[in-house]
Amino acid sequence: MNSSHNLHSPDLQDKIRQLEEQVEDFENLNAALETIWSAAGVEEVLKCIVEAVMQVCRAGQCSIVLVGGEDEGEARTLIRAREAGEEMLDKFLHDLLVGWVCHHRMPLLTDALAEIFGKANIKGKYAGIASALSFPLISEEKITGVINLISGDPARKFGERELRLMRILASQCAQFIRNARLQEELFDETRRLKKEVLDKYALYGIIGRSPEMQAVFSLLERVIPTDVQVLLEGESGTGKERIARAIHYNGPRQAEPFVALDCGALPASLLESELFGYVKGAFTGAQKDRKGLFEEAHGGTLFMDEIANMPSEIQAKFLRAIQEGEIRPLGTSQMRKVDVRIIAAVSGNLQERVEAGKFRQDLFYRLNVVRITLPPLRKREEDITLLADHFLRTMNEKYHKRIKGFNAEIIPLLEAYPWPGNVRELEHAVERALVLCDGEQLSRKDFSFLEPTPAGSDAVSAALPSPALQDAITAFKKQYIEQVLKQTGGNQKKAAEMLNIQRTYLNRLIKELGVGE
Ligand SMILES: Nc1ncnc2c1ncn2[C@@H]1O[C@H](COP(=O)(O)OP(=O)(O)OP(=O)(O)O)[C@@H](O)[C@H]1O
Ligand SMILES: [Mg+2]
């Protein structure tokens, strides 16, 4: 016998054909598993599995039934697919197949359903089933599901080949399903927790879902139940005072007073008597004793706004007061005990003030126990519509109006606008628009300040060659402030009102941006 004779033997030819088929099967199997790999979520994983199984096993119809889980043992069909023809994998047949597989804990492969389940059960449309294969999905030794395949074509009956393929597929699929389920549970849990936090802060009147605000919320979660000093940093109108109030009114001191003081608003001598109080006769005009804000806030919170502006002669006395928990009113040598939580706010950068020698370093360290930085609104675009909707609701209530919402064309404009006055500016913009609006929806004409004026568009186009958005925003701000100042004849107070920002902030912007230079 020579080898060429062997090669042509029908036996060997058969073997080769079989091997080639197996290689092809495994290639298909691999491709199928790869698609399932890339599916996300239980539903999609199941869909991919059904499709893969149909294709690899050349089945006419296929379904997956998950058992156990939430439904407490009740089987449920999750997904099915079929090539053509009437749906035969109905609830009744599922119950039979799944029941059999779960009971015997092994695959069912048959060309004669009626012999297994009885003629009385298998009649009518089931008679068209030429072959059936039901395979258990096993995960951690428990049957978690069953994959059912049927073929209506007598020429395509399932056999050893399909059993072999399903043995590989099923064990993989059980893992895929298990992972997808775990992932979904985890995802649901994270989503639930996230929503809980967002809802909670919405209840405090703090709206935001941007990652930046979520980071703020997670800091607040840790700070609120404690007594720790907090330093709030953020541009004008970013919500520093609102957050300070939320900290106080949800923390352990909520039943005690919340007292706010703008450190930049008063000259040094007045600020001192405001803070520490005085006794009768301390100075001309001191006709009776007066408690200072430290004492007013006793047991509660003292909110020191714009603390960077605190005159240096007060800083030492203030530091002593918070370090020792004692104050001395003007005109007396007697110390008084005070128990006050300090929340301080700055609209600039306090550290820079320290470096410039304008703010005591020791006081900075004392205040800067936990620093919360509130991002400007232009850096959290996804909060803009959320806030706009929120203000629309509150303003509708305030003015007894029923404006339904924002015209779609206005949303991108609101999102693109740089909001130099941040949330406060947005709040006022919505308020003004709502008061003036006579339609059902707020539209472009209600936000006239968003319309680019010739000067405004010049500012933008002049900044265009620069790739940095920040430069464009700065140029826009400068030009915009110049324009408003022109309108008010250089009156900064009026201009600040029109811009809906504080005068101190306007003043800073004028210096920083070199307005009018
Ligand atoms: N996240 C927010 N959700 C809802 N309202 C907000 C939010 N942030 C700010 N506001 C509202 O915007 C306005 C300005 O906020 P707030 O006075 O707290 O800002 P600020 O940082 O203290 O500003 P300034 O530095 O100018 O004093 C307030 O009416 C406040 O209620
Ligand atoms: Mg403020």
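Residues numbered from 1 in each chain as written. Chains lettered and ligands numbered in written order. Predicted model: local features only at pLDDT ≥ 70, side-chain atom pairs only at ≥ 80, totals over all residues. Heavy atoms only, no water.

Novice: Could you clarify how one ought to interpret the overall build of the protein in this entry?
Specialist: Check the secondary structure of the protein and you find 20 helices and 16 strands. Across the 517 residues in the protein, those meeting the buried criterion constitute 45%. Taking the intrachain contacts of the protein between residues at least 6 apart in sequence as the baseline, contacts between residues at least 24 apart amount to 67%. For the protein, the accessible surface area stands at approximately 27,500 Å², while carbon and sulfur atoms represent 51% of it. If you average the places of the 66 positive and of the 75 negative side-chain charges in the protein, the two averages end up 6 Å apart. (Helix = DSSP H or I, 4+ residues; strand = E, 2+ residues; numbered from the N terminus. Buried < 20%, exposed > 50% of the residue type's maximum accessible area, 1.4 Å probe, protein only. Contact = heavy atoms within 4.5 Å. Areas by Shrake-Rupley, 256 points an atom, 1.4 Å probe, with all protein chains shown as cover. Lys, Arg positive; Asp, Glu negative; His and termini not counted. Charge placed at Lys NZ, Arg CZ, Asp CG, Glu CD.)

Novice: Mind showing me how you'd approach the sheet that holds strand β10 (residues 301-305) here?
Specialist: Strand pairing in a sheet relies on backbone hydrogen bonds, with the paired strands running either antiparallel or parallel. On the basis of which strands lie adjacent, the open sheet formed by five strands has the order β7-β10-β13-β6-β14 and parallel pairing. Of all strands in the sheet, those bounded by a partner on one side alone are β7 (258-262) and β14 (370-374). In this sheet, adjacent strand axes meet at a mean angle of 20 degrees when their direction is disregarded. Note that strand β6 (residues 230-234) and strand β13 (residues 341-346) share four bridges and pair parallel. (Pairing = 2+ DSSP bridges. Axes fitted to C-alpha atoms, helices over the stretch in contact; angles between N-to-C directions.)

Novice: Where do I start with the packing of helix α18 (residues 469-487) against helix α20 (residues 503-513) in this structure?
Specialist: The relative placement of two packed helices is expressed as an angle between their axes plus a distance between the axes. Packing of α18 against α20 leaves a shortest axis separation of 10 Å and a crossing angle of 120 degrees. Taken together, the axis directions place α18 and α20 in an arrangement best described as oblique. When you trace α18 past α20, the crossing you get is left-handed. Seen from α18, the contacting residues are Thr474, Lys477, Lys478, Ile481 and Leu485; seen from α20, they are Tyr505, Leu506, Leu509, Ile510 and Leu513. Looking at side-chain class alone, the contact of α18 with α20 contains seven nonpolar, one polar and two charged residues. (Parallel < 35°, antiparallel > 145°, perpendicular 65-115°, else oblique. Left-handed = near helix turned anticlockwise from the far one by under 90°. Nonpolar A, V, L, I, M, F, W, Y, C, P; charged D, E, K, R; others polar.)

Novice: Explain the packing of helix α19 (residues 492-499) against α20 here, please?
Specialist: Contact geometry of α19 with α20 gives a least axis separation of 9 Å together with a crossing angle of 100 degrees. Regarding the angle of α19 to α20, the classification is roughly perpendicular. Across the interface between the two elements, Gln492, Lys493, Ala495, Ala496 and Leu499 of α19 pack against Arg503, Leu506, Asn507 and Ile510 of α20. Residues belonging to the contact of α19 with α20 are distributed by class as follows: five nonpolar, two polar and two charged.

Novice: What exactly am I supposed to notice about the nonpolar core here?
Specialist: Generally speaking, soluble globular proteins have nonpolar side chains that are buried together. Among the nonpolar cores identified, the biggest contains 40 residues, and Phe406, Trp419, Leu426, Leu442, Phe447 and Ile481 are the most heavily contacted of them. Elements with a contribution of two residues or more to this core: α14 (382-398), α15 (410-416), α16 (422-436), α18, α19 and α20. Formed by 37 residues, the second largest nonpolar core is a distinct cluster that contains Ala32, Val42, Leu46 and Val56. (Core = buried A, V, L, I, M, F, W, Y, C linked by side-chain atoms within 4.5 Å.)

Novice: Any chance you could explain the side chain of serine 236 here in plain terms?
Specialist: With respect to the helices and strands, serine 236 occurs in the loop between β6 and α8 (240-250). Look at serine 236 and you get buried, because its relative accessible area is 6%. Here the side chain of serine 236 touches arginine 424 through a polar contact of 3.4 Å, side chain to side chain. Not counting chain neighbours up to four residues away, the residues in contact with serine 236 comprise Ser347, Pro420, Gly421, Asn422, Arg424, Gln502 and Tyr505. (Polar contact = N/O pair within 3.5 Å; in protein donor to acceptor, adjacent residues only side chain to side chain.)

Novice: Even after reading the chapter, I still don't get the side chain of arginine 161, so can you show me in this structure?
Specialist: When you line up the elements, arginine 161 lands in helix α6 (residues 160-203). The class for arginine 161 is buried, based on a relative accessible area of 12%. In terms of polar contacts, arginine 161 uses its side chain to reach the side chain of glutamate 162, at 2.6 Å.

Novice: Explain the site of ligand 1 here, please?
Specialist: In the region of ligand 1, 19 residues are neighbours, and Ile207, Ser236, Gly237, Lys240 and Glu427 sit closest. At 2.6 Å, a side-chain N or O of serine 236 approaches an oxygen atom of ligand 1. When ligand 1 sits alone it has 630 Å² of accessible area, and the protein chains cover 91% of it. Tallied by class, the residues present in the shell around ligand 1 amount to five nonpolar, six polar and eight charged. The two domains that each donate at least three residues to the shell around ligand 1 are domain 2 (226-375) and domain 3 (379-513). (Near = heavy atom within 4 Å. Domains from an automatic or database assignment.)

Novice: What am I meant to see in a negative patch on the surface here?
Specialist: Residues Glu20, Glu21, Glu24 and Glu27 make up a contiguous surface patch of negative charge. Tracing the backbone shows glutamate 20 in helix α2 (residues 10-37). (Patch = residues over 30% accessible without salt bridge, like charges linked within 9 Å, V, L, I, M, F, W, Y side chains within 5 Å. Salt bridge = Lys/Arg side-chain N within 4 Å of Asp/Glu carboxyl O.)

Novice: How do you make sense of a nonpolar patch on the surface when you look at a structure like this?
Specialist: Together, Tyr399, Val435 and Leu436 make up a nonpolar patch on the protein surface, roughly 270 Å² of accessible area in all. In this structure, tyrosine 399 sits in the loop between α14 and β15 (405-406).

Novice: Please clarify how the domain arrangement of the protein should be interpreted in this entry.
Specialist: Accessible area lost during the coming together of the parts is what is often quoted as the interface size. Split into domains, the protein comes out as domain 1 (16-180), domain 2 (226-375) and domain 3 (379-513). The gap between the C-alpha centroids of domain 1 and domain 3 is 60 Å.

Novice: Explain the pairing of β6 here, please?
Specialist: The side chains of a regular strand alternate between the sheet's two faces. Most of β6 sits inside the fold, with five of its five residues counted as buried. What you see with β6 is no split at all: Val230, Leu232 and Gly234 on one side and Leu231 and Glu233 on the other are buried throughout. Summarising the sheet, β6 and β14 pair through five bridges and their orientation is parallel. Bridge pairing links leucine 231 to arginine 371 in β14.

Novice: Help me understand the environment of threonine 394, please; the structure alone is not making it clear to me.
Specialist: Here threonine 394 shows up in helix α14. With 78 residues separating them along the chain, threonine 394 and alanine 472 place their C-alpha atoms 33 Å apart. A distance of 3.0 Å separates a polar atom in the side chain of threonine 394 from the backbone oxygen of phenylalanine 391.

Novice: Honestly, the packing of aromatic side chains in this entry has me stumped. Any pointers?
Specialist: Each aromatic ring pair is specified by the distance between its two centres and by the angle formed by the two planes. For the structure shown, the criterion picks out 14 aromatic pairs. Seen in terms of ring centroids, tyrosine 201 and tyrosine 204 are 5.0 Å apart; in terms of plane orientation they differ by 80 degrees. Their pairing is edge-to-face. On the accessibility criterion, tyrosine 201 (0% relative accessible area) is buried. We classify tyrosine 204 as partly exposed; its relative accessible area is 22%. With 5.4 Å between their ring centres and 15 degrees between their planes, phenylalanine 476 and tyrosine 480 make a pair best called stacked. (Phe/Tyr/Trp six-rings, centres within 6.5 Å; stacked < 30°, edge-to-face > 60°.)

Novice: What's the story with the pattern of salt bridges in this structure? I'm lost.
Specialist: It is possible for side chains of opposite charge to pair when their charged atoms get near one another. Scanning the entire structure with this criterion turns up 28 salt bridges. With its nearest N and O atoms 2.7 Å apart, the salt bridge here joins aspartate 339 to arginine 253. Separated by 86 residues along the polypeptide, aspartate 339 in the loop between β12 (336-337) and β13 and arginine 253 in the loop between α8 and β7 bring together distant segments of the chain. Assessed through its relative accessible area of 9%, arginine 253 is described here as buried. In this structure, the salt-bridge partner of glutamate 274 is arginine 290, at a minimum N-O distance of 3.4 Å.

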